[in-house]
Amino acid sequence: MLIPRVEDFADMKPEQEQTYKTFQKFAGVFYNTFIDTSIQNPHYVPDEGPFVLVANHRSDLDPFLLIVNIKRVINWLAASYLWNIPGSRQVMVGLGAIPVSKHKTEIERAFDSAEGQLEKGQGVGIFPEGWDYISKNQFDWSVGEFNTGFARIAMRAGAPVVPVALQGFNERRGRQSFPPFIRKIMDYPIEMQYIKDRCVYKKLHINVGRPIPVPKGMDPSDRDAVKEFTHMVNMKVIDLYEEFPTAPGFEGVRREPAGPRHDVDPQKIEAEELDDAGLHG
């Protein structure tokens, strides 16, 4: 497979910024046609200067829905296996996304690239629950525990963190785009190979919180300090998630998750999906 090199994504080029803005315009029409979306307090995202946007993650559409609803151009950290999906690689490159994997050296390079963008006054976006959480998501959970990467990036660059909660309403469960054997070929991490369902929003509310400055005197090399800041932001996103939306059209609406996943046996899932694809004997 083609493995993206982090060093190739160290800077978002002007043509990528233009592609990003064009995507915002045209994809916004598409997504708003099929998903009833509202956003609260979008002005909390700084008009200029560096920031790290963090959000909970329920659906594979989340980054695109944030792209079309937040006007600032954001350098998104994305799982490196997305560069192996036909068509997805071109989208990732066009939008200036930064690939990140679970390998320590590649993680550090991705973080260095993100920090470099912050030092240039750009925005960086990340879903700190990670794909471990997505792989275990039963669609009836709220916000998972955050990994510390975003905090390290923000603390090293001295950039504020913008917390965002994605609140799905009237969700449904959809099927994955590829059966497990195709996901293996495309080098999906093992945690992601046997997920049977995906979360699809019918109605989505995006709740943006006030920027959280990095506490003065915190040392990014101090693990306890990093964990403390991570927990602070994690709790804020949970608070935002629990807030009842006040946007027009969302009054009285109840969150109705797609429901728990009962079948999690990998062999059974793979056999079923092979049958669906007409490839099982």
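Up top you'll find the structure we're talking about.
Residues numbered from 1 in each chain as written. Predicted model: local features only at pLDDT ≥ 70, side-chain atom pairs only at ≥ 80, totals over all residues. Heavy atoms only, no water.

Draft legend 1. Spotlight on the packing of aromatic side chains. What the rule picks out here adds up to seven aromatic pairs. Both rings, one in Tyr 31 and one in Phe 64, keep their centres 6.5 Å apart while their planes meet at 15 degrees; by these two values the pair is stacked. Taken together, the positions of Tyr 31 in helix α1 (residues 14-34) and Phe 64 in helix α2 (residues 62-69) put the pair 33 residues apart, joining distant regions of the chain. Grouping residues by exposure puts Tyr 31 and Phe 64 together as buried. Here the aromatic rings of Trp 76 and Phe 127 are separated by 5.5 Å at their centres, their planes lie at 15 degrees, and the arrangement is stacked. With Trp 76 in strand β3 (residues 74-79) and Phe 127 in the loop between β5 (123-126) and α5 (130-136), this pair connects stretches of sequence that are 51 residues apart. Each member of the pair, Trp 76 together with Phe 127, is buried. (Phe/Tyr/Trp six-rings, centres within 6.5 Å; stacked < 30°, edge-to-face > 60°. Helix = DSSP H or I, 4+ residues; strand = E, 2+ residues; numbered from the N terminus. Buried < 20%, exposed > 50% of the residue type's maximum accessible area, 1.4 Å probe, protein only.)

Draft legend 2. Local environment of α2. Summarising burial for α2: eight of the eight residues are buried, a large majority. Listed in full, the buried residues belonging to α2 are Asp 62, Pro 63, Phe 64, Leu 65, Leu 66, Ile 67, Val 68 and Asn 69.

Draft legend 3. Representation of the nonpolar core within the structure. Of all hydrophobic cores here, the largest spans 34 residues; its most connected members are Tyr 20, Leu 53, Leu 66, Trp 76, Val 164 and Leu 166. Elements with a contribution of two residues or more to this core: α1, β2 (51-55), α2, β3, β6 (161-169) and β9 (203-208). Ranked by residue count, the leading element in this core is α2, at five residues. Ignoring sequence-local partners within four residues, the contact set of Leu 53 consists of Leu 66, Ile 70, Ile 74, Trp 76, Val 124, Gly 125, Ile 126, Val 162 and Val 164. Listed in part, the 31 residues of the second largest apolar core include Val 143, Ala 154, Ala 159 and Ala 165. (Core = buried A, V, L, I, M, F, W, Y, C linked by side-chain atoms within 4.5 Å. Contact = heavy atoms within 4.5 Å.)

Nothing here speaks to function; it is all geometry.
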